[in-house]
Amino acid sequence: MKERFIEKNKEDAFDFIIEEYFKAGFGTLNKSEVDLLFFSALMKYGELEDTSDYAMSKLLQITQTRVRNFKVKDGLKYSPIRQEKVEKEFLQKAEYARVEDDEKISIPIYDPNIYIELENLIEREKGYVEAQLNPKIFTIRIDQFIGLLTPAK
C-alpha cells in the first residue's frame, strides 16, 4: 500500500489522520470510524489511477458495497461535494443519457455522492427519482432532466 503515496502525500495523509483522530478525542473513535478515516486519507492523498468501486474493492480487499458505503460516509464527513462539481459531473454524464419509454431518461452516475446530490435537487422541486436495482443508474422524467440542464433562477 505504501507505493500508493508519494512522499509529500504521505506527510499530508499522516497529518490529516492525526488531526482528525485527535479532534474526536484520543481513543474515542470506533473501528469503523478509524477505517473511514484511513479510507478518506487514501482517497484524498493516494496516487490512485482508478477509484471505481471494483478497483477499490480489489485494492482494499473488501466488497464493492462496502467501498460505496465508505464513499458516501466520506462525502458526508470529510469530503463534502461542492455544487459546481455536481453540475460538472452531471453535464459530463448527460452525454451518455438514454431515453427510456419515451418518458424517462437514464444516466450512469457512478459517484454515490453525486447521485445523492442530484436526487436532492429533483426532490426539492417536488420530483422523484425512479428506483433502480442498479444504484449507478439515475432515472428521471424528461422534464426533470431539462430542469437540471437549465440554470436555477
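Throughout, a residue's number is its position along its own chain's written sequence, starting from 1. Whole-chain, interface and lining totals are the exception, using all residues; otherwise, since this is a predicted model, local features are given only for residues with pLDDT of at least 70 and side-chain atom pairs are given and counted only at 80 or more. Note that the side-chain values use all heavy atoms of the structure and ignore hydrogens as well as water.

## Notes on unusual backbone geometry
Here is step 1: With phi around 60°, Asp101 is a residue other than glycine that occupies positive phi space.
Here is step 2: Note that Asp101 resides in the loop between strand 1 (98-100) and strand 2 (104-108).
Here is step 3: Partly exposed residues are those whose accessible area sits between 20% and 50% of the maximum for their type, while under 20% is buried and over 50% is exposed, using a 1.4 Å probe and protein chains only. Accessibility expressed as a relative area gives 61% for Asp101, which makes it exposed.
Here is step 4: With a phi close to 55°, Asp102 is a non-glycine residue in the positive phi region.
Here is step 5: Note that Asp102 resides in the loop between strand 1 and strand 2.
Here is step 6: The class of Asp102 is exposed, set by a relative accessible area of 70%. Counting from the N terminus, the helices are the DSSP runs of H or I reaching at least four residues and the strands are the DSSP runs of E reaching at least two.

## Digging into the sheet that holds strand 3 (residues 137-141)
Here is step 1: Sheet architecture is open: 3 strands sit in the order 1-2-3, paired in antiparallel fashion. At either margin of the open sheet sits one strand with a lone partner, and together these are strand 1 and strand 3. The sheet shows a mean angle of 30° between the axes of neighbouring strands, taken without regard to direction.
Here is step 2: Think of it this way: DSSP has to see at least two bridges between two strands before they count as a pair. As judged from the 3 bridges shared by strand 1 and strand 2, these two strands associate in the antiparallel manner. Within strand 2, the residue paired with Glu100 across the bridge is Lys104.
Here is step 3: Contacts from helix 7 (residues 142-149) reach strand 1, strand 2 and strand 3, with the element oriented near 105° to strand 3. Each axis is a line fitted through C-alpha atoms, and for a helix only the stretch in contact is used; angles between axes span 0 to 180 degrees, taken between their N-to-C directions. In this analysis, two residues are considered to be in contact whenever any of their non-hydrogen atoms come within 4.5 Å of each other.

## Overview of the packing of helix 1 (residues 7-24) against helix 2 (residues 31-45)
Here is step 1: Where helix 1 meets helix 2, the closest approach of the two axes is 10 Å, and the angle between their N-to-C directions is 150°. Between helix 1 and helix 2, the interaxial angle falls into the category roughly antiparallel. Crossing geometry of helix 1 relative to helix 2 is assigned as right-handed. For the pair helix 1 and helix 2, contact is made by Asn9, Asp12, Ala13, Phe16, Ile17, Glu20 and Tyr21 and by Val34, Leu37, Phe38, Ser40, Ala41, Lys44 and Tyr45, respectively.
Here is step 2: Of the residues assigned to the contact of helix 1 with helix 2, the class counts are 9 nonpolar, 2 polar and 3 charged. Roughly parallel means an angle under 35 degrees; roughly antiparallel means over 145; roughly perpendicular covers 65 to 115; every other angle is labelled oblique. Handedness of a crossing follows from how the near helix is turned relative to the far one, being left-handed for an anticlockwise turn of less than a right angle and right-handed for a clockwise one. The classification used treats Ala, Val, Leu, Ile, Met, Phe, Trp, Tyr, Cys and Pro as nonpolar, Asp, Glu, Lys and Arg as charged, and all other residues, Gly among them, as polar.

## As for the pattern of salt bridges
Here is step 1: Any Lys or Arg side-chain nitrogen found within 4 Å of a carboxyl oxygen on Asp or Glu counts as a salt bridge. For the coordinates displayed, the defined rule picks out 9 salt bridges.
Here is step 2: Here Glu20 makes a salt bridge to Lys23, at a shortest N to O gap of 3.1 Å. Highlighted residues: Glu20 and Lys23, both in helix 1, separated by 3 residues, approximately one helical turn.
Here is step 3: The shortest N-O distance in the salt bridge between Asp53 and Lys71 comes to 2.8 Å. With a gap of 18 residues between them, Asp53 in helix 3 (residues 53-60) and Lys71 in helix 4 (residues 64-77) connect regions that are remote in the sequence. For the residue pair Asp53 and Lys71, the accessibility class agrees, reading buried in each case.
Here is step 4: Here the salt bridges do not stand alone but share partners, grouping Asp53, Arg68, Lys71 and Lys136 into one network.

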